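# Architecture at a glance
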Amino acid sequence: MSNDLDTVFAALADPTRRAILAMLLEDDMAVTDVAEPFEMSLAAISKHLVILTKAGLISQEKRGRVKWCKLEPDALRTASVWMQGFGQFEPINLDAFERFLEVELPTSDEA
């Protein structure tokens, strides 16, 4: 599971790949359509697509002469479950924590 998470998070670390995933939320897209909004070569986009495919985040299928990309949302399930484990903790109120420390711990002047 750790290797799968590493691969998914590594794929998600790049803003271009996150943008591609956001585009694929709408519908399947041809590789050329995926590449259109980006100011990079088709070869560079293809490299991003390979990384997303290896992570299981997308699948690619050839339909005639056109290669199509499809989002695979289930691939994010493991990462989502892992991240939800951190949601059980409430955010720390740093001001309240600082007041607590002032009351509980004597300053160097008082010691």
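Look up: the structure comes first, before these words.
These notes cover the structure that comes with them. It should be emphasised that the depicted structure is a prediction, and the values quoted were computed from it without experimental measurement.

Here we come to the pairing of strand β3 (residues 66–71). The pairing of strand β1 (residues 29–30) with β3 spans two bridges and is antiparallel. Considered in β3, the bridge of Met29 is made with Cys69. Where strand β2 (residues 58–63) folds back on β3, the antiparallel hairpin that results is connected by two residues, among which Gly64 adopts a positive phi of roughly 70°.

Between two packed helices, what matters for the description is the angle formed by their axes and the separation of those axes. For the pair helix α2 (residues 15–24) and helix α4 (residues 42–54), the least separation of the axes is 10 Å and the interaxial angle reads 75°. Put simply, α2 runs roughly perpendicular to α4. Along the contact surface, α2 presents Thr16, Arg17, Ile20 and Leu21, while α4 presents Ile45, His48, Leu49, Ile51 and Leu52. Of the residues belonging to the contact of α2 with α4, the class tally is six nonpolar, two polar and one charged.

Turning to the environment of Phe9, a few remarks are in order. For Phe9, the position within the fold is in helix α1 (residues 2–12). Counting along the chain gives 46 residues from Phe9 to Ala55, while the straight-line C-alpha distance between them is 8.7 Å.

Moving on: the nonpolar core. Ile20, Leu24, Val34, Leu49 and Leu52 are the most contacted members of the largest nonpolar core, which totals 21 residues. Of all the secondary structure elements, the ones that give two or more residues to this core are α1, α2, α3 (31–35), α4 and β3. Considering every element that reaches this core, the biggest residue donor is α2, with four residues. Discounting residues that sit within four places of it in the chain, Leu52 has contacts with Ala11, Arg17, Ile20, Leu21, Leu57 and Ile58.

Rules used throughout
Residues numbered from 1 in each chain as written. Predicted model: local features only at pLDDT ≥ 70, side-chain atom pairs only at ≥ 80, totals over all residues. Heavy atoms only, no water. Pairing = 2+ DSSP bridges. Helix = DSSP H or I, 4+ residues; strand = E, 2+ residues; numbered from the N terminus. Axes fitted to C-alpha atoms, helices over the stretch in contact; angles between N-to-C directions. Parallel < 35°, antiparallel > 145°, perpendicular 65-115°, else oblique. Contact = heavy atoms within 4.5 Å. Nonpolar A, V, L, I, M, F, W, Y, C, P; charged D, E, K, R; others polar. Core = buried A, V, L, I, M, F, W, Y, C linked by side-chain atoms within 4.5 Å. Buried < 20%, exposed > 50% of the residue type's maximum accessible area, 1.4 Å probe, protein only.

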